Amino acid sequence: PLENEAKCGFAIILMALYWCTECIPLAVTALLPVVLFPMMGIMEGTEVCIQYLKDSNMIALQVLLVVGVKPSLLMMGFMSTTAFLSMWISNTAATAMMLPISSAVLQQLSDTEANAEEREYRLTAAMAGQDNQTFELDDTKQTNNKELKPEDSKQRRLKREQKYAKLLKGMSLSVCYSATIGGTATLTGCTPNVIMKGQLDELFPENGGIINFATWFGFAFPTVVLMLALSWLWIQFMFLGFNLKKSCGCGTNKDGDREAYRVIKDQYKKLGGMTFAEVCVLVIFTLVVLMWFTREPGFIPGWATVLFNKDKPYVTDGTVAILMSSLFFCIPSNLPRCFGKSKDGSPPEAPTPMLNWGVVNERMPWNIILLLGGGFALAHGSEKSGLSKWLGECLLPLQSVPPFAICILLCLLVAMFTECSSNTATTTLFLPIVASMATAIKIHPMYVMLPCTLAASLAFMLPVATPPNAIAFSYADLKVMDMAKTGFMLNLIGIIAINIAINTWGVAMFQLNTFPSWANVTKSH
């Protein structure tokens, strides 16, 4: 009868012991209930996390060696790599990481092409000189001599520089756009995704956890692949033309390409082997992703359902995140030497952990937490004050409009609004309104909330729209018109891809063609 009380007492004693000895940072110890209470069956993960925060808060060179050095294939490699990185790290960090690499590779290709032209020029000049010593000049020789004038060399250099300057613009835009697109693939990839889950759980608490890491990825990842493919074709057309045979290098294998490939391979070799800390990060990262995917996959019982969530959802994605993140404070950054000694003969000092609280405290984006909290408060306040009900009544005439048309119009509105506002603010503002509209006209709330969330990230036209846009704009000496012309079409591509996704595999995954019982606000009240 005192089983739960004993478990809770154990957790308190363990935390007291950790606090007294400071074996791990005090703040990390304070987060132990997020892991212990759900696993012991004392409290649900969401109920624990609400005491801190909402539960929702909680490679490149190798690719280039695979795709080669042709411009179109390079662009494809950079876009896929950047999109993959931005699924797990911030879009800004992925852009800042990939832009210097893309610039260095293009510079190497330009230098290689210049050296090849110089060798060809000297060889032609030498051959022409030998011919002039043996034969008299004729009309043909005069033509050859004209081709060897220094002015021709300058024209070729200028043409080459213009080509690679344009290519750098296209490559920079492809990197920043793919970072934004890739961030929508995972639930933790960008802030609007987290806001959407939080708003859904706040407004419809009986939704049964319809959105988790696995279900979000299952819907969003194919959408991202579709958007990346269409975006690659458009950027290819804008900056490289549409001669795929030439830009992809089908059937060609020049010495310059092989030289550039060797340079990339040498740079990859210079990276050396993985360190102990890098291996640990990779293992923890892989475990987190696997545990998120298998916690509650939907088509079979997940490990959390079998072990902990038999009657209530004790363990959530936030539980996994805190558990695995805590390991960074415990695992040493270097492989410890158990029996070694330092140079002066004294016992060796304990290695520092891979992460300490000072770094977290300095780099943690606390402002995002306040924004998320403000969004949840806005949604809750709208419900309590009756604003949601009033908005729903005002939008009742939309019942006569086909749902797919409503979805397209909302995506256009959100995509236009997010160009002038942050995607976080746009999502926070629009989601409670579209949720009220969905319940009023009796359509599945996710049928409009999910597309609007993805559309809030489609800010491709202006340099100030997103940090990745701003970085690429300054890095590649872009003009506003370059970004506006390319981004306008990408906005349309994104809206088309989102609406294709929501009306095909989205309907199949979430039964969006029905009105769920958990969305019946009147019944729940």
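Look above for the structure.
Please read all numbers here as calculations on a predicted model, not as lab measurements. Along each chain, numbering runs from 1 in the same order as the chain's sequence is written. Given that the model is predicted, a residue must reach a pLDDT of at least 70 before its local features are reported, and side-chain atom pairs must reach 80 or more before they are shown or counted; all residues, however, enter totals for whole chains, interfaces and linings. Computation of side-chain values covers all heavy atoms of the structure but excludes hydrogens and water.

Caption draft 1: Seen up close, the overall build of the chain. Helix numbers and strand numbers start at the N terminus; a helix is a DSSP run of H or I with at least 4 residues, a strand a run of E with at least 2. If you tally the helices and strands in the chain, you get 26 helices and 0 strands. The buried label goes to any residue with under 20% of its type's maximum accessible area, the exposed label to any with over 50%, and the partly exposed label to all in between, with areas taken from a 1.4 Å probe on protein chains only. Out of the 525 residues belonging to the chain, those deemed buried represent 43%. With the model as given, the accessible surface of the chain reaches about 27100 Å², and the carbon-plus-sulfur share is 65%. Using the Shrake-Rupley algorithm and a 1.4 Å probe, accessible areas are obtained, with residue cover drawn only from the displayed protein chains.

Caption draft 2: Seen up close, helix α10 (residues 191-203). Each helix should span, by expectation, one fewer than its residue count multiplied by 1.5 Å. Here α10 spans 18 Å end to end across 13 residues, near enough to the 18 Å set by a 1.5 Å rise per residue. Taking burial as the measure, the 13 residues of α10 include 12 buried ones, the bulk of the element. Residues Thr191, Pro192, Asn193, Val194, Ile195, Met196, Lys197, Gly198, Gln199, Leu200, Glu202 and Leu203 constitute the buried set of α10.

Caption draft 3: Representation of the nonpolar core in the model. Definition used in this section: a nonpolar core is a set of buried Ala, Val, Leu, Ile, Met, Phe, Trp, Tyr and Cys residues joined via side-chain atoms within 4.5 Å. Formed by 98 residues in total, the largest nonpolar core has its most connected members in Met446 and Val448. Among the elements that make up this core, the one with the highest residue count is helix α11 (residues 213-240) (12 residues). Between two residues, a contact is recorded if the distance between any of their heavy atoms is within 4.5 Å. Ignoring sequence-local partners within four residues, the contact set of Met446 consists of Met196, Leu200, Ile210, Ile211, Pro451, Ile502, Phe510 and Leu512. Core analysis: the second largest hydrophobic core is formed by 7 residues, Ala11, Leu32, Leu36 and Met43 among them.

Caption draft 4: Broad picture of the packing of aromatic side chains. Here is the rule: rings of Phe, Tyr and Trp (six-membered ring for Trp) pair when centre to centre is within 6.5 Å. Planes less than 30 degrees apart are stacked, more than 60 are edge-to-face, and the remainder are tilted. If you walk through the whole model with that rule in mind, you get 12 aromatic pairs. A ring pair is formed by Phe204 and Trp518, whose centres lie 5.5 Å apart and whose planes are at 65°; its orientation type is edge-to-face. Here the residue Phe204 occupies a position in the loop between α10 and α11, and Trp518 occupies one in the loop between α25 (505-510) and α26 (521-524), the gap between them amounting to 314 residues. As far as burial versus exposure is concerned, Phe204 and Trp518 are alike and both buried. Measuring from ring centre to ring centre gives 6.4 Å for Phe329 and Trp357, while their planes differ by 40°; the resulting arrangement is tilted. With Phe329 in the loop between α16 (317-326) and α17 (357-363) and Trp357 in helix α17, the pair connects residues that are 28 residues apart, well separated along the chain. Judged by its relative accessible area of 29%, Trp357 falls in the partly exposed class. Joined through ring pairs, the aromatic side chains of Phe84, Trp88, Phe213, Phe285 and Trp292 make up one cluster.

Caption draft 5: Quick look at the packing of α10 against helix α22 (residues 445-455). Between the N-to-C directions of two axes lies an angle of 0 to 180 degrees, each axis being a line fitted to C-alpha atoms and, for a helix, fitted only over the stretch in contact. Their axes nearest at 9 Å, the elements α10 and α22 cross at an angle of 160°. With respect to α22, the element α10 is oriented roughly antiparallel. Both α10 and α22 take part in a crossing whose hand is right-handed. Residue-level inspection shows Pro192, Asn193, Met196, Gln199 and Leu200 of α10 in contact with α22, the latter providing Met446, Met449, Leu450 and Thr453. Across the contact of α10 with α22, the residue classes break down as 6 nonpolar, 3 polar and no charged. Oblique is the label for every angle not falling under 35 degrees (roughly parallel), over 145 degrees (roughly antiparallel), or within 65 to 115 degrees (roughly perpendicular). By convention, the crossing between two helices is left-handed when the near helix turns anticlockwise from the far helix through less than a right angle, and right-handed when the turn is clockwise. Basically, the charged four are Asp, Glu, Lys and Arg, the nonpolar ten are Ala, Val, Leu, Ile, Met, Phe, Trp, Tyr, Cys and Pro, and anything else, Gly included, counts as polar.

Caption draft 6: Examining the pattern of salt bridges more closely. Salt bridges are defined as contacts in which a side-chain nitrogen from Lys or Arg sits within 4 Å of a carboxyl oxygen from Asp or Glu. For the structure shown, the criterion picks out 2 salt bridges. Taking the shortest distance from any N to any O, the salt bridge between Lys169 and Asp482 comes out at 3.3 Å. Of this pair, Lys169 sits in helix α9 (residues 150-182) while Asp482 sits in helix α24 (residues 480-503); the two residues are 313 residues apart in sequence, bridging distant segments of the chain. For Lys197, the salt bridge is made with Asp201, and the minimal N-O distance between the two is 3.2 Å. Here Lys197 and its partner Asp201 are both found in helix α10, 4 residues apart, which amounts to about one turn of the helix.

Caption draft 7: The arrangement of unusual backbone geometry in detail. Although it is not a glycine, Lys442 sits at a positive phi angle of roughly 60°. Taking the relative accessible area as the measure of exposure, Lys442 reaches 45% and is therefore partly exposed. The backbone phi angle of Gln511 is positive, close to 50°, even though this residue is not glycine. Checked against the element boundaries, Gln511 lands in the loop between α25 and α26.

Caption draft 8: Up close: helix α21 (residues 423-441). The first and last C-alpha atoms of α21 sit 26 Å apart over 19 residues, in line with the 27 Å expected at 1.5 Å per residue. Looking one or two residues beyond α21, the residue adopting positive phi is Lys442, at roughly 60°.

Caption draft 9: Spatial organisation of a nonpolar patch on the surface. Note that patches include only residues with greater than 30% relative accessible area and no salt bridge, and the join distances are 9 Å for like charges and 5 Å for nonpolar side chains (Val, Leu, Ile, Met, Phe, Trp, Tyr). A grouping of Phe404, Ile408, Leu409, Leu412, Phe488, Met489, Leu492, Ile496 and Ile500 is seen on the molecular surface, where their side chains present a nonpolar patch of about 780 Å² in accessible area. Sorting the residues of the nonpolar patch by element identifies α20 (403-418) and α24 as the ones contributing at least two each. If you trace the backbone, Ile408 turns up in helix α20.

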